[in-house]
Amino acid sequence: DQQVKQNSPSLSVQEGRISILNCDYTNSMFDYFLWYKKYPAEGPTFLISISSIKDKNEDGRFTVFLNKSAKHLSLHIVPSQPGDSAVYFCAASPYSGGYQKVTFGTGTKLQVIP
Amino acid sequence: DVKVTQSSRYLVKRTGEKVFLECVQDMDHENMFWYRQDPGLGLRLIYFSYDVKMKEKGDIPEGYSVSREKKERFSLILESASTNQTSMYLCASSFGILSGGSRSYEQYFGPGTRLTVT
């Protein structure tokens, strides 16, 4: 049962344009959401997060939007750069006592074309 | 900077062997995690630990066990390796409760171990 879904396995975008990566979740207990970026032969690195009390969080070129009623979040990258080419994982975590189990999506491979 | 290191980048083992994957973090994190990454399946949680000698099963614990004898070290053990355990294994760590009382969800990952079981 895939509780966090990234339905687009890949995405190609021209340099300078906007990249929009989407993520859907099914578990209504999730209250914190994260995006990670992964380059080949490296571990994932944290990119940006959002709490369920917000609907938007920005960090430089990266903005995450959360639509709780639709159980949907998206990551916008503006402007896209070739160095953004990587696999992006959406992740979600429920409120759960003292430790934070995170459920990851299947990933979207972004290619930014120069 | 947080550093999470894994004992090997590449490993080739035979079916039936006992395999140990080691992970060490240097940030005094309470939580440690083992994932495997497979094409089309993303990252799936095998086991996690929120304290020394404490462990919890993740989503796919079958065929694996873990050990956490010291806070900085978390080991993943494949009791009898099988070909379907060929995968990329990723270790991660995170803080539990931050000094201000808030939770920390951000996980720091090691570079991964590419395990091939033949």
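A brief structural summary. (Residues numbered from 1 in each chain as written. Chains lettered and ligands numbered in written order. Predicted model: local features only at pLDDT ≥ 70, side-chain atom pairs only at ≥ 80, totals over all residues. Heavy atoms only, no water.)

Another point: the overall build of chain A. Helix and strand counts for chain A stand at zero helices and 11 strands. Mapped from its N terminus to its C terminus, chain A presents α and β elements in the order β-β-β-β-β-β-β-β-β-β-β. Its C-alpha atoms give chain A a radius of gyration of 14 Å, within 12% of the compact-globule value 13 Å for 114 residues. In terms of overall dimensions, chain A has a C-alpha envelope of 45 × 30 × 25 Å along the principal axes. For chain A, buried positions account for 46% of its 114 residues. Counted over contacts in chain A with a minimum sequence separation of 6, partners at least 24 positions apart contribute 55%. With an accessible surface of roughly 5,400 Å², chain A has 50% of that area assigned to carbon and sulfur atoms. (Helix = DSSP H or I, 4+ residues; strand = E, 2+ residues; numbered from the N terminus. Rg over C-alpha atoms; globule rule 2.2 N^0.38 Å. Buried < 20%, exposed > 50% of the residue type's maximum accessible area, 1.4 Å probe, protein only. Contact = heavy atoms within 4.5 Å. Areas by Shrake-Rupley, 256 points an atom, 1.4 Å probe, with all protein chains shown as cover.)

All names here are of chain A. Inspection of every chain in the model, using the stated rule, returns two disulfides over all chains. Bridging Cys 23 to Cys 90, the disulfide has an S-S length of 2.0 Å. As the torsion about the S-S bond is roughly -75°, the Cys 23-Cys 90 disulfide counts as left-handed. Of the two residues, Cys 23 sits in strand β3 (residues 19–25) while Cys 90 sits in strand β9 (residues 86–94), which places them 67 residues apart along the sequence. In terms of burial, Cys 23 and Cys 90 fall into one category: buried. (Disulfide = S-S within 2.5 Å.)

Attention now moves to the interface of chain B and chain A. Between chain B and chain A, the contact holds 26 residues from the first and 23 residues from the second. Of the roughly 2,100 Å² buried between chain B and chain A on both sides combined, carbon and sulfur atoms contribute 59%. Across the chain B-chain A interface, the total number found is zero salt bridges. Linking chain B with chain A are two residue pairs in polar contact (both at pLDDT 80 or more), by the criterion used here. (Buried area = accessible area lost by both parts, 1.4 Å probe. Salt bridge = Lys/Arg side-chain N within 4 Å of Asp/Glu carboxyl O. Polar contact = N/O pair within 3.5 Å; in protein donor to acceptor, adjacent residues only side chain to side chain.)

As a further point, take the pairing of strand β5 (residues 45–51) of chain A. Residue and element names in this part refer to chain A. Alignment of strand β4 (residues 30–38) against β5, held across six bridges, turns out to be antiparallel. Considered in β5, the bridge of Tyr 36 is made with Phe 46. Between β4 and the antiparallel strand that follows it, β5, lie six residues; Ala 41 among them carries a positive phi value of about 65°. (Pairing = 2+ DSSP bridges.)

Looking now at the layout of surface pockets. Volume-wise, the largest pocket comes out at about 450 Å³. As for the largest pocket, its lining consists of 21 residues, of which Lys38(A), Val87(A), Phe89(A), Lys109(A) and Gln37(B) are closest to the centre. At the level of secondary structure, the elements contributing two or more residues to the lining of the largest pocket comprise β9 and β11 (108–113) of chain A together with β4 (31–38) of chain B. (1 Å grid on protein atoms, 1.4 Å probe; cavity = no way out; pocket = protein on both sides within 12 Å on 5 of 7 lines; lining within 4 Å. Points joined across faces, edges and corners; volume = space filled by probe spheres on them.)

For the coordinates displayed, the defined rule picks out 11 aromatic pairs over all chains. An angle of 40° between the planes, with centres 4.7 Å apart, marks the rings of Tyr25(A) and Phe33(A) as tilted. On the accessibility criterion, Tyr25(A) (7% relative accessible area) is buried. With centroids separated by 6.2 Å and ring planes inclined at 25°, the aromatic side chains of Phe33(B) and Tyr35(B) adopt a geometry described as stacked. (Phe/Tyr/Trp six-rings, centres within 6.5 Å; stacked < 30°, edge-to-face > 60°.)

Take the environment of Tyr88(A) next. Residues and elements named next belong to chain A. Its location among the elements puts Tyr 88 in strand β9. Along the backbone, Tyr 88 and Asn 7 are 81 residues apart, and their C-alpha atoms lie at a distance of 12 Å. Setting aside chain neighbours within four positions, we find Tyr 88 in contact with Gln 6, Leu 21, Trp 35, Tyr 36, Lys 37, Leu 47, Leu 75, Ile 77, Gly 107, Thr 108 and Leu 110. There is a polar contact of 2.6 Å between the side chain of Tyr 88 and the backbone oxygen of Asp 84.

All right, on to the sheet that holds strand β7 (residues 64–70) of chain B then. Residue and element names in this part refer to chain B. Read from one edge to the other, the open sheet built from four strands follows the order β1-β3-β8-β7, with strand pairing classed as antiparallel. Every interior strand has two partners, whereas the edge strands, β1 (4–6) and β7, have only one. Taking the axes of each pair of neighbouring strands and ignoring which way they run, one obtains an average angle of 20° across the sheet. Judged from the six bridges that link them, strand β3 (residues 19–25) and strand β8 (residues 73–78) form a sheet pairing that is antiparallel. When the bridges of β8 are listed, Cys 23 appears paired with Phe 74. (Axes fitted to C-alpha atoms, helices over the stretch in contact; angles between N-to-C directions.)

Limitation: the analysis is restricted to geometry and does not speak to function.
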